[in-house]
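So you can see what is in the structure, the chains are spelled out below.
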Amino acid sequence: MPVSRELQLPSGDKIPTVGLGTWTVWQGAEGEIYRAVKEAIKVGYRHIDCAWFYKNQGEVGQAIKESIEEGTIKREDLFVTTKVWNTAHRRDAVKENLKQSLSQLGLSYVNLLLVHYPISFKDGDDPYPKDNDGNIIFAYHDIVDTWKGMEDCIDADLTRNIGLSNFNHLQVQRIIDASRIRPSVIQLEVNPLLSNTQLVEYCQKRDIGVTAYAPLGFPNRSWKKKGEPDLLEEPVVKQLASAKGKTPAQIVLRCLLQRGLIIIPKSSSPARIKENLELFDTELSEDEMKQMAALDRNLRVYVDSISASHPEYPFNDF
Ligand SMILES: NC(=O)C1=CN([C@@H]2O[C@H](COP(=O)(O)OP(=O)(O)OC[C@H]3O[C@@H](n4cnc5c(N)ncnc54)[C@H](OP(=O)(O)O)[C@@H]3O)[C@@H](O)[C@H]2O)C=CC1
Ligand SMILES: O=C1CO[C@H](CO)[C@@H](O)[C@@H]1O
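Residues numbered from 1 in each chain as written. Chains lettered and ligands numbered in written order. Predicted model: local features only at pLDDT ≥ 70, side-chain atom pairs only at ≥ 80, totals over all residues. Heavy atoms only, no water.

Okay, the environment of Ala241 next. When you line up the elements, Ala241 lands in helix α7 (residues 235-244). The spacing of Ala241 and Ile251 is ten residues in sequence and 6.1 Å in space, taken between C-alpha atoms. (Helix = DSSP H or I, 4+ residues; strand = E, 2+ residues; numbered from the N terminus.)

Looking now at the confidence of the model for the chain. The pLDDT averaged across the chain works out to 97; a share of 99% of its residues lies at or above 70. With a pTM of 0.98, the predicted complex shows an ipTM of 0.98. (pLDDT = per-residue confidence, 0-100.)

Near ligand 2, the surroundings consist of Trp23, Phe53, Tyr54, His116, Tyr117 and Tyr302. One of the side-chain N or O atoms of His116 is found 2.9 Å from an oxygen atom in ligand 2. Between ligand 2 and Tyr117, the relevant distance is 2.8 Å, taken from an oxygen atom to a side-chain nitrogen or oxygen of the residue. Relative to its free-state accessible area of 290 Å², ligand 2 is covered by the protein chains to the extent of 83%. Judged by the proximity of its atoms to the pocket grid, ligand 2 belongs to the largest pocket. The residue inventory of the shell around ligand 2, partitioned by class, reads five nonpolar, one polar and no charged. (Near = heavy atom within 4 Å. Polar contact = N/O pair within 3.5 Å; in protein donor to acceptor, adjacent residues only side chain to side chain. Areas by Shrake-Rupley, 256 points an atom, 1.4 Å probe, with all protein chains shown as cover. 1 Å grid on protein atoms, 1.4 Å probe; cavity = no way out; pocket = protein on both sides within 12 Å on 5 of 7 lines; lining within 4 Å. Sits in = over half its atoms within 2 Å of the grid points. Nonpolar A, V, L, I, M, F, W, Y, C, P; charged D, E, K, R; others polar.)

UniProt's entry tags Lys83 with the feature "site: Lowers pKa of active site Tyr" (unreviewed entry), counted in the numbering of this structure. Mapped onto the secondary structure, Lys83 falls in strand β5 (residues 79-84). Judged by relative accessible area, which is 0%, Lys83 ranks as buried. When near neighbours in sequence (up to four residues on either side) are disregarded, Lys83 contacts Asp49, Cys50, Ala51, Trp52, Tyr54, Asn97, Leu113, Leu114, His116 and Gln187. Here the side chain of Lys83 touches Cys50 through a polar contact of 3.1 Å, landing on its backbone oxygen. (UniProt positions renumbered as here; feature names shortened; annotations may be inferred. Buried < 20%, exposed > 50% of the residue type's maximum accessible area, 1.4 Å probe, protein only. Contact = heavy atoms within 4.5 Å.)

So, about the side chain of Thr81. Residue placement: Thr81 occurs in strand β5. Not counting chain neighbours up to four residues away, the residues in contact with Thr81 comprise His47, Ile48, Asp49, Cys50, Leu112 and Leu114.

Near ligand 1 you find 29 residues, and of these Asp49, Asn220, Ser267, Arg272 and Tyr302 are the closest. Interatomic distance of 3.0 Å between a backbone N/O atom of Trp23 and an oxygen atom of ligand 1. The separation between an oxygen atom of ligand 1 and a polar side-chain atom of Lys266 is 2.8 Å. Surface burial for ligand 1 is 91%, taken as the share of its 890 Å² of free accessible area covered by protein chains. In this structure the site holding ligand 1 corresponds to the largest pocket. Of the residues in the shell around ligand 1, the class split is 13 nonpolar, eleven polar and five charged.

This is how it looks when you write it as structure tokens:
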């Protein structure tokens, strides 16, 4: 199945199907994401996935600014996504959170703004507000009210598109039913070990583009449990890679593209940044796609257990 380098969103904008992820689990050395974004733009990435929560948007912004000044790209060639964090779910806080992201990024608008989670925490600057016992202080803003704040951001020309992240199908439907401006994109954890098929198809059928986060299953995560499968070491992935002269990561990423997904692999290595974009000169047959689909273990890397007791915790349903 041929795959396209861009997908058309209902707004008419085009989103590049391969973007660079920028989450570094706080372990990122200073300048790591600056160098990654600079390199990615140099080798042809035109889509960068960011978030207020990642605390590194200043580095992303610096790399974008220099790439524009050096003539490598123009602002209009780049698709920049950011996300509103859980502590800014009050309708009027959404725009303020986006304004902070824009100031960190040095941009006047982003291409896509997502609600990072359907769960809200106590408003404020601390991303994980805690009580004296160390428990997260939840808030209970209606997700529909938060969505109105997202629509306000479009009206204010601060973002071109709005969307969701980590919402389940019931929450997606609540937003669709109440929306004046529909969600363009949803970001979900998807990789061959967590195919998330029901939710992906639910959204795609409703014209919502689906972006796969952790597309490689975050192979070197620090919290990987003993005995959990390693996607890039799976025999079928390695065998397809050697048969096609590609790497295991390229097989996994290509498989996701052939499911009509947008992908945002993160890498800070120049070689792997380049590798993760070289996906358009190979193809998996229907039978090979079936072999990859058989890897599904419903293995979620980002469980967000800290929010499990919140009424909007999304991962108890598809
Ligand atoms: N909406 C949400 O809630 C979430 C969104 N995200 C977004 O999705 C992005 C991607 O997800 P992420 O969690 O980073 O996981 P990924 O599946 O992208 O895995 C990233 C890890 O894989 C390694 N890697 C990258 N390329 C290769 C390769 N070709 N071969 C082998 N290893 C490779 C990287 O190491 P190295 O850097 O050394 O190459 C990095 O440690 C995030 O960066 C973030 O932007 C992520 C989590 C949640
Ligand atoms: O984008 C993200 C990166 O990782 C975080 C820590 O688990 C997540 O909460 C968040 O969704």
